[in-house]
Structures are given as C-alpha cells and as structure tokens.
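An overview of the molecular structure
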Protein chains: 2
Amino acid sequence: MSIFEKLKFNAEGLIPTIVQEQSSGRVLMMAWMNEASLKKTLETGKTHFWSRSRKKFWMKGEESGHTQTVKDLAFDCDGDTLLIQVEQIGAACHEGYKSCFFRSAESAGESFRTTEKRLQTPEEIYGRK
Amino acid sequence: MSIFEKLKFNAEGLIPTIVQEQSSGRVLMMAWMNEASLKKTLETGKTHFWSRSRKKFWMKGEESGHTQTVKDLAFDCDGDTLLIQVEQIGAACHEGYKSCFFRSAESAGESFRTTEKRLQTPEEIYGRK
C-alpha cells in the first residue's frame, strides 16, 4: 500500500513536516508539503516544500546550498504529519542557526534565551540584498 | 520579553507543537495548542493541547496516565511552531506505540513498514469501549 493512501492533507492540500537531523536527533525545522513537493522529495531524495507565504514550491537549500538529504520518511498514526530524518548541510534556519528552534522559554514563558550559536549571518548565506 | 510577544497563532488560534523525548531524542508526536493550553502547560509543567476534532482542551495522559513532563519549551524563527522536550511516561501514541511516527516509507513511498514494537494495545491503555 502506498503511503499516499494513509496520508491526510489539510483543506489547503498541505501536510506539516518535521525535519530532524538523523545524526544528532536535533529537530531542525517544521515546514509544509503539498502532494507535489512530497512526490518530488521521494523521487529526488532532497526535501522540497510548499511555501504558504510565497505560494511557491521550493527545494530546501536551492539558494543557500543548505540542502537536506532524506534518510527516512515517517508518518504519524493519524496520517496528518510527516517526520523526515535528514543529513543537513550547513544551517537549516534562514537566520543562520543549525536549527530554527534556537530560543527556549524561561520563567514560565515570561522570558526566553538563545540556546545555540549562529553559524552564519543571513548576509553570509544569501548575500546582501 | 514574554514568549507570547514572539508567537504567532494561526487563524484558528492554534500553533503546531512538536513533542520530543529529551532522553532519547525521539520525536513522539505533533499536536496543536491554543493560548490557554500553552499557558496551562507553562504553569503546570505538563503538556496540554487543543483537540481540533473533539474541540476540547485536554491534558496529555489524562485518561491513559501517559503524561508528559516539560523539560524545555522552544519556538522557531518564525514564532509559528513550538518544540517541547519532555519526559514521557509510557506510550505517547494512542495506538500504544512509544512514538506516533511508527511507520516509515519504503520504495519511494510505494509501501511502508512498521519501525517499532507496540508497547500496549489501545484496549490495555483505555479499557474496552
């Protein structure tokens, strides 16, 4: 049975996708896939997403070179979330951090702290705009 | 600055929340929080969610005893996804698996396999209905 028979895309045709670095277990990011971007991901072994803000199909790393090679693609009990294990080149976050989750709550959410070092500035990744 | 000044809830007032077991790095589940369930989570140190299907506020484990104690609560660069590190009691998945992500794609998505053992049946967790 194909995984597509088990998956449920939402009313916009999207499914939330968690990306985890296989070697470290670090959760890198969450992004959205549509059916076409999932098929492209399965075909090419590189993650592709759907940008809800830009309304655009994109390959992770197409500008930055920070691509993600798929090592495993899992789906949850309800079939409405994907979990992809990847090998990540460079920073997953467009702000230059390894993971997009670089800030954690303190004092029951009244404040927060930055939990990791920035690897590169956005200007270093994307060039000055 | 409060984390609430950085967070973006969607049009339905919800934010997707990834739950990861801190000790193993295993991603256990993805669920949705509203502002009230996030506040309750921060206050009590136990995860609370909003069920979109049941339209109900719930504490993870309230029926099963499989509660999650919060060890860290992070948010992503866009402020639209949470990542919570927890100590998980028992199975996170209502189907009795440690993680909801117990199936992985094979053959470019044409098939899939179960990747972990079931710890308990749903009947053992919730009783026969």
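To start, this report covers the structure provided alongside it. (Residues numbered from 1 in each chain as written. Chains lettered and ligands numbered in written order. Predicted model: local features only at pLDDT ≥ 70, side-chain atom pairs only at ≥ 80, totals over all residues. Heavy atoms only, no water.)

**Structural notes on the pairing of strand β5 (residues 68–75) of chain A**
On any regular strand, side chains alternate: one points to one face of the sheet, the next to the other face. The pairing of β5(A) with strand β6 (residues 82–88) of chain A spans seven bridges and is classified as antiparallel. Counterpart to D72(A) in the pairing with β6(A) is Q85(A). Hairpin connection from β5(A) to β6(A): six residues lie between these consecutive antiparallel strands, with G79(A) at a positive phi of about 70 degrees. Looking at chain direction, β5(A) and strand β7 (residues 103–106) of chain B are connected through two bridges and run antiparallel. Opposite F75(A), over in β7(B), you have R103(B) as the bridge partner. (Pairing = 2+ DSSP bridges. Helix = DSSP H or I, 4+ residues; strand = E, 2+ residues; numbered from the N terminus.)

**Focus on the packing of aromatic side chains**
Considering all chains together, one arrives at six aromatic pairs over all chains under this definition. Centroid distance F112(A) to F75(B): 5.3 Å. Interplanar angle 90 degrees. Geometry classified as edge-to-face. A residue pair is termed interchain when its members come from two chains, as with F112(A) in strand β8 (residues 111–114) and F75(B) in strand β5 (residues 68–75). Residue class for F112(A) comes out partly exposed when judged on its relative accessible area of 23%. Judged by its relative accessible area of 0%, F75(B) is buried. (Phe/Tyr/Trp six-rings, centres within 6.5 Å; stacked < 30°, edge-to-face > 60°. Buried < 20%, exposed > 50% of the residue type's maximum accessible area, 1.4 Å probe, protein only.)

**Things to note about the relation of the copies chain A and chain B**
With an RMSD of 0.0 Å, the fit of chain A onto chain B corresponds to turning through 180 degrees and sliding 0.0 Å along the axis. On this basis, the relationship between the two copies can be described by a two-fold rotation axis. The position closest to the rotation axis in chain A is occupied by the C-alpha of G25(A), lying 2.6 Å away. The fraction of interface residues of chain A whose copies in chain B are also interface residues reaches 100%, indicating that both copies meet through the same surface. (Least-squares fit on C-alpha atoms with pLDDT ≥ 70 in both. Contact = heavy atoms within 4.5 Å.)

**Structural notes on the side chain of T41(A)**
Residue and element names in this part refer to chain A. Relative to the helices and strands, T41 is located in helix α1 (residues 35–44). For T41, a relative accessible area of 1% corresponds to the buried category. A distance of 2.7 Å separates the side chain of T41 from the backbone oxygen of S37, its partner in a polar contact. Not counting chain neighbours up to four residues away, the residues in contact with T41 comprise M33, K46, T47, H48, V70 and I84. (Polar contact = N/O pair within 3.5 Å; in protein donor to acceptor, adjacent residues only side chain to side chain.)

**So, the interface of chain A and chain B**
Taken together, the contacts link 39 residues of chain A with 39 residues of chain B. Buried area between chain A and chain B, summed over both chains or domains, comes out near 3200 Å², and the portion from carbon and sulfur atoms is 63%. When the area that chain A buries against chain B is broken down by residue, the three leading residues are C77(A), F101(A) and R103(A), summing to 20%. The tally of links from chain A across to chain B stands at four salt bridges. Between R52(B) and D80(A) there is a salt bridge whose closest N-O contact spans 3.8 Å. Across the chain A-chain B interface, the total number found is 18 residue pairs in polar contact (both at pLDDT 80 or more). (Buried area = accessible area lost by both parts, 1.4 Å probe. Salt bridge = Lys/Arg side-chain N within 4 Å of Asp/Glu carboxyl O.)

**Describing the pairing of β6(A)**
Residue and element names in this part refer to chain A. The element β6 is extensively covered by neighbouring structure, given that six of its seven residues are classed as buried. As defined by bridge partners, strand β1 (residues 14–21) adjoins β6 across five bridges and the pair is classed as parallel. Bridged to E21 within β6 is V86.

**Digging into helix α1 (residues 35–44) of chain B**
Residue and element names in this part refer to chain B. When we look at burial in α1, the residues that qualify are S37, L38, T41 and L42. Around the axis of α1, the buried residues are gathered within 135 degrees of arc, so they sit on the same side. On its buried face, α1 is in contact with β2 (27–34), β3 (48–51), β4 (56–59), β5 and β6 (82–88). Downstream of α1 by one or two residues, G45 has phi in the positive range, about 75 degrees. (Arc of directions from axis to C-beta.)

**Here we look at the sheet that holds β7(B)**
The sheet built from six strands is open, its strands ordered β2(A)-β1(A)-β6(A)-β5(A)-β7(B)-β8(B) with mixed pairing. Each edge of the open sheet is held by one strand with a lone partner, namely β2 (27–34) of chain A together with β8 (111–114) of chain B. Shown here is a sheet whose adjacent strand axes are inclined to one another by a mean of 35 degrees, direction ignored. Across four bridges, β7(B) lies against β8(B) in antiparallel orientation. Directly across from R103(B), in β8(B), lies its bridge partner T114(B). (Axes fitted to C-alpha atoms, helices over the stretch in contact; angles between N-to-C directions.)

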